Amino acid sequence: SSSSAASDVYKRQVYNLLGFSYRKHSEPNLDKAFEAYRIALDANPEHLGAHEYLGELYITLGNMNKANEMLLKLETLAGTNSMEYRKLKSAIDNS
């Protein structure tokens, strides 16, 4: 139904922003950020922003293999010229 489609859009946007706020807070809660990004990606496995932010979270955690997995996923979904790909690539290159 159209209402469930709308709620999926809402859900992935809310959880993507929630993850971002947990990660960027002055006292970050990385576990909650991770969970919020996973929920956003469950609602839409092709959510570019959630892949980018999850990649940045992996950098914060020192897990460069997973960060690079997110980068490859972004390349597959949107190409190397997408804003999300370029931002995550820059974050990886500068870490």
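Please read all numbers here as calculations on a predicted model, not as lab measurements. (Residues numbered from 1 in each chain as written. Predicted model: local features only at pLDDT ≥ 70, side-chain atom pairs only at ≥ 80, totals over all residues. Heavy atoms only, no water.)

Moving on, we come to the overall build of the protein chain. What the protein chain contains, in helices and strands, is 5 helices and 0 strands. Listing every helix and strand of the protein chain by position from the N terminus yields α-α-α-α-α. Rg of the C-alpha trace for the protein chain: 13 Å, near the compact-globule value of 12 Å for 95 residues, within the 12% margin. Projected onto the principal axes, the alpha-carbon positions of the protein chain cover approximately 45 × 35 × 20 Å. With 95 residues in all, the protein chain has 34% of them scored as buried. Here the contacts in the protein chain between residues at least 6 apart in sequence split such that 48% fall between residues at least 24 apart. In the form shown here, the protein chain has an accessible surface area of approximately 5,700 Å², with 50% of it arising from carbon and sulfur atoms. (Helix = DSSP H or I, 4+ residues; strand = E, 2+ residues; numbered from the N terminus. Rg over C-alpha atoms; globule rule 2.2 N^0.38 Å. Buried < 20%, exposed > 50% of the residue type's maximum accessible area, 1.4 Å probe, protein only. Contact = heavy atoms within 4.5 Å. Areas by Shrake-Rupley, 256 points an atom, 1.4 Å probe, with all protein chains shown as cover.)

Before going further, it helps to spend a moment on the packing of helix H3 (residues 48–60) against helix H5 (residues 83–93). Contact geometry for H3 and H5: axes closest at 9 Å, N-to-C directions at 5°. Relative to H5, H3 is oriented roughly parallel. Side by side, H3 and H5 meet where Leu-48, Gly-49, His-51, Glu-52, Gly-55, Glu-56 and Ile-59 of the first sit next to Glu-84, Lys-87, Leu-88, Ala-91 and Ile-92 of the second. Broken down by class, the residue content of the contact of H3 with H5 amounts to 5 nonpolar, 3 polar and 4 charged. (Axes fitted to C-alpha atoms, helices over the stretch in contact; angles between N-to-C directions. Parallel < 35°, antiparallel > 145°, perpendicular 65-115°, else oblique. Nonpolar A, V, L, I, M, F, W, Y, C, P; charged D, E, K, R; others polar.)

Next up on the list: the pattern of salt bridges. In the structure shown here, the tally under the stated rule is 4 salt bridges. Between Glu-52 and Lys-87 there is a salt bridge, and its shortest N-O distance comes to 3.6 Å. Of this pair, Glu-52 sits in helix H3 while Lys-87 sits in helix H5, and the two are 35 residues apart along the sequence. Between Lys-89 and Asp-93 there is a salt bridge, and its shortest N-O distance comes to 3.1 Å. One end of the pair is Lys-89 and the other is Asp-93, both in helix H5 and 4 residues apart, which spans about a single turn. Relative accessible area serves as the criterion here: at 32%, Lys-89 is assigned to the partly exposed category. (Salt bridge = Lys/Arg side-chain N within 4 Å of Asp/Glu carboxyl O.)

Core analysis: the biggest nonpolar cluster contains 17 residues, and Tyr-37, Leu-54, Leu-88 and Ile-92 have the highest contact counts within it. Of all elements in the fold, only helix H2 (30–43), H3, helix H4 (64–78) and H5 reach the threshold of two or more residues within this core. The leading source of residues in this core is H3, at 6 residues. In this structure, Leu-54 is in contact with Phe-34, Tyr-37, Arg-38, Leu-41 and Met-70, ignoring residues within four places of it in sequence. (Core = buried A, V, L, I, M, F, W, Y, C linked by side-chain atoms within 4.5 Å.)

Applying the stated criterion across every chain, the model contains 3 aromatic pairs. Measuring from centroid to centroid gives 5.9 Å for Phe-34 and Tyr-58, while their planes differ by 70°, and the two rings are edge-to-face. With Phe-34 in helix H2 and Tyr-58 in helix H3, this pair connects stretches of sequence that are 24 residues apart. Geometrically, the ring pair formed by Tyr-37 and Tyr-53 is tilted, given 6.1 Å between the ring centres and 40° between the ring planes. (Phe/Tyr/Trp six-rings, centres within 6.5 Å; stacked < 30°, edge-to-face > 60°.)

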